[in-house]
Amino acid sequence: MRKQIAAANWKMNLSVSEAEILLDQLLASEHNLSANQEAIFAVPAIYIPLATQKLAGKNNVYVAAQNCHPKANGAYTGEISAPMFASVGVKHIVLGHSERREYFNESDAFLAEKTNAVLAIGSTPIFCCGEPLEIREAGTQNSFVEAQLKNSLFHLTADQITKVVIAYEPIWAIGTGKTASSEQAQEIHAYIRSVFATKYGQAIADQISILYGGSVKAANAKEIFSQPDVDGGLVGGASLIASEFAAIINALK
Ligand code: PGA
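Let us look at the structure shown here. Quick caveat: nothing in here was measured; it's all calculated off a predicted structure. (Residues numbered from 1 in each chain as written. Predicted model: local features only at pLDDT ≥ 70, side-chain atom pairs only at ≥ 80, totals over all residues. Heavy atoms only, no water.)

## Observations concerning the nonpolar core
The condition that has to hold: We call a set of buried residues a nonpolar core when its members are Ala, Val, Leu, Ile, Met, Phe, Trp, Tyr or Cys and they connect through side-chain atoms within 4.5 Å of each other. Remark: exposure states derive from per-residue accessible area (1.4 Å probe, protein chains only) relative to the maximum for the residue type, with buried under 20%, exposed over 50%, and partly exposed in between. The numbering of helices and of strands both runs from the N terminus, where a helix is a DSSP run of H or I of at least 4 residues and a strand a run of E of at least 2. Throughout, a contact is declared for two residues whenever any of their heavy atoms are within 4.5 Å.
In this structure, Phe41, Leu149, Ile166, Ile192 and Phe196 are the most contacted members of the largest nonpolar core, which totals 66 residues. Broken down by element, this core gets its largest block of residues, 7 residues, from helix α9 (residues 182-200). If sequence neighbours within four positions are ignored, Phe41 has contacts with Ala8, Trp10, Leu26, Leu55, Val61, Tyr62, Val63, Ala64 and Phe245. Core analysis: the next-biggest nonpolar cluster, separate from the first, contains 12 residues, Ile5, Ile40, Cys128 and Val165 among them.

## A few points about the site of the ligand
The criterion, for reference: We call a residue near a molecule or strand when any one of its heavy atoms sits within 4 Å of it. Pairs of N or O atoms are called polar contacts if they sit within 3.5 Å, as long as, within protein, a hydrogen donor faces a hydrogen acceptor (for residues adjacent in sequence, only side-chain-to-side-chain pairs). Surface exposure here means Shrake-Rupley accessible area, sampled with a 1.4 Å probe, where a residue is shielded only by the protein chains that are shown. The nonpolar class holds Ala, Val, Leu, Ile, Met, Phe, Trp, Tyr, Cys and Pro. Asp, Glu, Lys and Arg form the charged class, and all remaining residues, Gly among them, are polar.
Taken together, 13 residues lie around the ligand, and Lys11, His97, Glu169, Gly175 and Ser215 are the ones closest in. In the model, an oxygen atom of the ligand is placed 2.6 Å from a nitrogen or oxygen of the His97 side chain. The backbone of Gly236 places a nitrogen or oxygen atom 2.8 Å from an oxygen atom of the ligand. About the coverage of the ligand: the protein hides 95% of its 280 Å² of free accessible area. Class assignment of the residues belonging to the shell around the ligand gives a composition of 4 nonpolar, 7 polar and 2 charged.

## With respect to unusual backbone geometry
Here Lys11, not a glycine, exhibits a phi torsion of approximately 55°, which is positive. Looking at where Lys11 falls in the secondary structure, it is placed in the loop between β1 (4-9) and α1 (16-28). Positive phi values are uncommon outside glycine, yet Asn105 reaches one of about 55°.

## Observations concerning helix α7 (residues 141-153)
What counts here: Expected span of a helix: the number of residues minus one, times 1.5 Å. By definition, the arc is the one covered by directions from the helix axis to the C-beta atoms.
Counted at 1.5 Å a residue, the expected span for α7 with its 13 residues is 18 Å, and the 18 Å between its end C-alpha atoms agrees. What α7 keeps buried is the set Gln141, Val145, Glu146, Gln148, Leu149, Ser152 and Leu153. Down the axis, α7 shows its buried residues gathered within 155° of arc, on one side only.

## Here's the deal with the environment of Ala221
Relative to the elements of secondary structure, Ala221 occurs in helix α11 (residues 218-225). Note on Ala221: relative accessible area 0%, which makes it buried. Apart from residues lying up to four places away in sequence, Ala221 is in contact with Val216, Ile248 and Ala251.

## A short note on the side chain of Thr124
Position of Thr124 relative to the elements: it lies in strand β5 (residues 124-129). In this structure Thr124 touches Lys91, His92, Ile93, Val118, Lys163 and Val165, once residues within four positions along its chain are discounted.

## Looking at the sheet that holds strand β3 (residues 61-65)
Where we set the bar: Note on pairing: two strands pair once DSSP finds at least 2 bridges between them. Whenever a helix is involved, its axis is fitted only over the stretch in contact; in every case the axis is a line through C-alpha atoms, and angles between N-to-C directions fall within 0 to 180 degrees.
Read once around its circumference, the closed barrel built from 8 strands follows the order β1-β2-β3-β4-β5-β6-β7-β8, with strand pairing classed as parallel. Strand-to-strand twist in this sheet, taken as the mean axis angle between neighbours without regard to direction, amounts to 25°. Of the strand pairs in this sheet, β1 and strand β8 (residues 232-235) are connected by 4 bridges, and their pairing is parallel. The residue bridging Ala7 from the neighbouring strand is Leu234, located in β8. Across the sheet, helix α2 (residues 48-55) lies against β2 (37-42) and β3, angled at about 175° from β3, the strand it touches most.

## Quick word on the pairing of β1
Which entries qualify depends on this criterion: With the strands pointing away from the viewer, any crossover whose connection runs clockwise from the first strand over the helix to the second is right-handed.
For β1, the tally of buried residues reaches 6 of 6 residues, placing the bulk of the element in the interior. Burial of β1 is two-sided: the residues Gln4, Ala6 and Ala8 facing one way and the residues Ile5, Ala7 and Asn9 facing the other way are all buried. Taking the sense of rotation as the criterion, the β-α-β connection linking β1, α1 and β2 turns out right-handed.

## Here's the deal with the side chain of His92
Inspection of the secondary structure assignment puts His92 in strand β4 (residues 92-95). Among residues more than four places away in sequence, those in contact with His92 are Glu38, Ile40, Tyr62, Ala64, Ala65, Thr124 and Ile126.

Structure below.
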């Protein structure tokens, strides 16, 4: 059975005391994870030790990084490498978020290098893809997303691709309050799975968790997650409110 995942992306938000309060509230909230479900917290890098300590001993709960550099070490001032994250217990790294692609000019080729770096140390890339509004309006979202996946991931072996989590995030739905309808989400998630099935075979494609991101909230999570090819969500704004994110965890299949 594919993993069902609720991933919080805190982005560049919260002071350390606010982060601590949010984690305490989450710990106090009612949320239950079954064996095939995971909750992942992509917190600002500086809060990783705090979050790791707070969430220690919680089954199927992980602290993640929001980005990494493809090199293991060297003269890259201000950057943090995948092995450094692994050394503090991080097992998941978000790659290619649309904000990084847009504001930091991250290319498909650079993201392929980062993916290799994360897989090389046995961690899980949460690889983001998704189209901007003009592509959606032109109706060419499938080929746009397919190119992102091909350019950054198709050099991987079948064994490696099963270790990647995909997050489909239509840029027009991120932080805008607009959400893809559950039909729109299902349609493109099924397409993404078919892209992997064509390259790696259906049995491999069926093992890949594909998360939906873009204004997921407690109020819409259940309906979006109920779609057959949606395996959870990558959640920005609503992950900063404990009651919202706890409800999103509870909406997992
Ligand atoms: P949002 O962000 O939930 O605030 O739309 C999602 C994301 O960017 O991961």
